Amino acid sequence: MKIKKLFLVEGAREAEGITVIIDVFRAFTMEAYLYAQNAEDIYAVSSKETAYALKEEHPDVLLCGERGGKILPGFDFGNSPSVIKDRDFKGKTILHTTTNGTQGIANAGHADAILTGSFVNAKATAEWIERQNPSVVSLVCMGWETHRTEEDELCADYLSALLRHEEMPDLEERLLNLKYQEGKKFFDPAQQEVFPEEDFWMCVKHDIFDFAIAVKKEGEVYHCVRA
C-alpha cells in the first residue's frame, strides 16, 4: 500500500486511490458527532448558495456550517461540536458546508473513494481502508484556508501509522501540544463565541467512535454516509 500525504485544496485535486479528506478543526469531527447523536443523513456541499437553495426545496433539512469559523446567516448551526453535543438529531437530515473540509471533498475528483478524516474515528477509518485492500491511499490535510495546520498533519501521521500497524507512542503528547499551535484560538478569550474551548477537547479525542464516514457524490451534493 502506497500512502501519499497531500495538502490543502491543491492536494485534494491531486489525490488518487482511496482518499481521506482530513479536517480535524472542525468539519469532520463535527460530522462524526452528528452521526453519533443519531443524525439520519449528512450531505456536504461546497457552496453556501447551494445550501440555501436546497433548504428552499427541502425546508425540513438543517443547515450546518461556517465561513471563517463563523456560523453562516440563516443556518441552524455553525461548525461547533460543543454547541450540538446535547441534542438528539434522530431522523434529521443535515446539509453541511465549511471553509475547508467540504471544499476538499468537492475537489477530490480523481479519487476512487472518499472518506472524511478526524481523530474521533481514525481507527475505524483505517480499518475501513484496510478492508478495501487499496494500492494507493491519499491523506489530504485540508489546513485552514491557505495554510497548512498541525492538527490535520498529525491526524494524517496517525492514520498512516495505523495503516502500517505501527505504534505512535507520542500521540497523546502531540495532541496536547496542539493547544499551543493551531488550536490556540480555542483558548483565546476574545474568540470563544466562534471557537469555544470545549471544541478543542472534543476534537482531540481519538478513536471514540467505531464508524468511518464514506462520501458518495449524488448530483450537486456529497452524501457523507456512516460506514
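Higher on the page you've got the structure.
Residues numbered from 1 in each chain as written. Predicted model: local features only at pLDDT ≥ 70, side-chain atom pairs only at ≥ 80, totals over all residues. Heavy atoms only, no water.

(A) Molecular detail of the pattern of salt bridges. Enumeration according to the criterion identifies eight salt bridges in this entry. Put simply, Lys5 and Asp157 hold a salt bridge, and the shortest N to O gap is 2.8 Å. Note that Lys5 is positioned in strand 1 (residues 2-7) and Asp157 in helix 7 (residues 150-163), a separation of 152 residues in sequence. Judged by its relative accessible area of 33%, Lys5 is partly exposed. In this structure, Asp76 and Lys55 form a salt bridge, with 3.9 Å as the shortest nitrogen-oxygen distance. With Asp76 in the loop between strand 5 (70-71) and helix 4 (81-84) and Lys55 in helix 3 (residues 48-57), this pair connects stretches of sequence that are 21 residues apart. The exposure class assigned to Asp76 is partly exposed, which follows from its relative accessible area of 34%. (Salt bridge = Lys/Arg side-chain N within 4 Å of Asp/Glu carboxyl O. Helix = DSSP H or I, 4+ residues; strand = E, 2+ residues; numbered from the N terminus. Buried < 20%, exposed > 50% of the residue type's maximum accessible area, 1.4 Å probe, protein only.)

(B) Fine view of the pairing of strand 2 (residues 17-22). Strand 2 sits mainly inside the fold: six of its six residues count as buried. As paired strands, strand 2 and strand 7 (residues 111-117) are joined by six bridges and run parallel to one another. When the bridges of strand 7 are listed, Ile18 appears paired with Ala113. The pairing of strand 2 with strand 8 (residues 136-141) spans five bridges and is parallel. (Pairing = 2+ DSSP bridges.)

(C) The arrangement of the packing of aromatic side chains in detail. Enumeration over the complete set of coordinates arrives at 13 aromatic pairs. Pairing Phe77 with Phe89 gives two aromatic rings, centres 5.6 Å apart and planes at 70°, and the pair type is edge-to-face. Here the residue Phe77 occupies a position in the loop between strand 5 and helix 4, and Phe89 occupies one in the loop between helix 4 and strand 6 (93-97), the gap between them amounting to twelve residues. For the residue pair Phe77 and Phe89, the accessibility class agrees, reading buried in each case. Here the aromatic rings of Phe200 and Trp201 are separated by 4.9 Å at their centres, their planes lie at 90°, and the arrangement is edge-to-face. The exposure class of Phe200 is buried, given its relative accessible area of 0%. Cluster of aromatic residues (ring-pair linked, three or more members): Phe25, Trp144, Phe186, Phe187, Phe195, Phe200 and Trp201. The aromatic ring of Trp144 is capped on one face by Lys185, whose charged end is 4.5 Å from the ring centroid. (Phe/Tyr/Trp six-rings, centres within 6.5 Å; stacked < 30°, edge-to-face > 60°. Lys NZ or Arg CZ within 6 Å of the ring centre and 35° of its normal.)

(D) A look at the sheet that holds strand 4 (residues 62-67). Taken in spatial order, the ten strands of this open sheet run 1-8-2-7-9-10-3-6-4-5, and their pairing is mixed. At either end of the open sheet lies a strand with only one pairing partner, and these are strand 1 and strand 5. Pairing geometry for strand 3 (residues 41-44) and strand 6, over four bridges, is parallel. Each bridged residue has a counterpart across the sheet, and for Ile42 the counterpart in strand 6 is Ile94. With respect to the sheet, helix 6 (residues 122-132) is in contact with strand 2, strand 7, strand 8 and strand 9 (213-218), its orientation differing from that of strand 2 by roughly 170°. Along the sheet face, helix 7 touches strand 1, strand 2, strand 7 and strand 8 and points at about 160° away from the line of strand 8. (Contact = heavy atoms within 4.5 Å. Axes fitted to C-alpha atoms, helices over the stretch in contact; angles between N-to-C directions.)

(E) The arrangement of the packing of helix 6 against helix 7 in detail. The N-to-C vectors of helix 6 and helix 7 enclose an angle of 50°; their axes lie 9 Å apart at closest approach. The angle between helix 6 and helix 7 places the two elements in the oblique class. Note on packing geometry: the crossing formed by helix 6 with helix 7 is right-handed. Facing Ala122, Lys123, Thr125, Ala126, Ile129 and Glu130 of helix 6, the residues of helix 7 in contact are Tyr158, Leu159, Leu162 and Leu163. Grouping the constituent residues of the contact of helix 6 with helix 7 by class yields seven nonpolar, one polar and two charged. (Parallel < 35°, antiparallel > 145°, perpendicular 65-115°, else oblique. Left-handed = near helix turned anticlockwise from the far one by under 90°. Nonpolar A, V, L, I, M, F, W, Y, C, P; charged D, E, K, R; others polar.)

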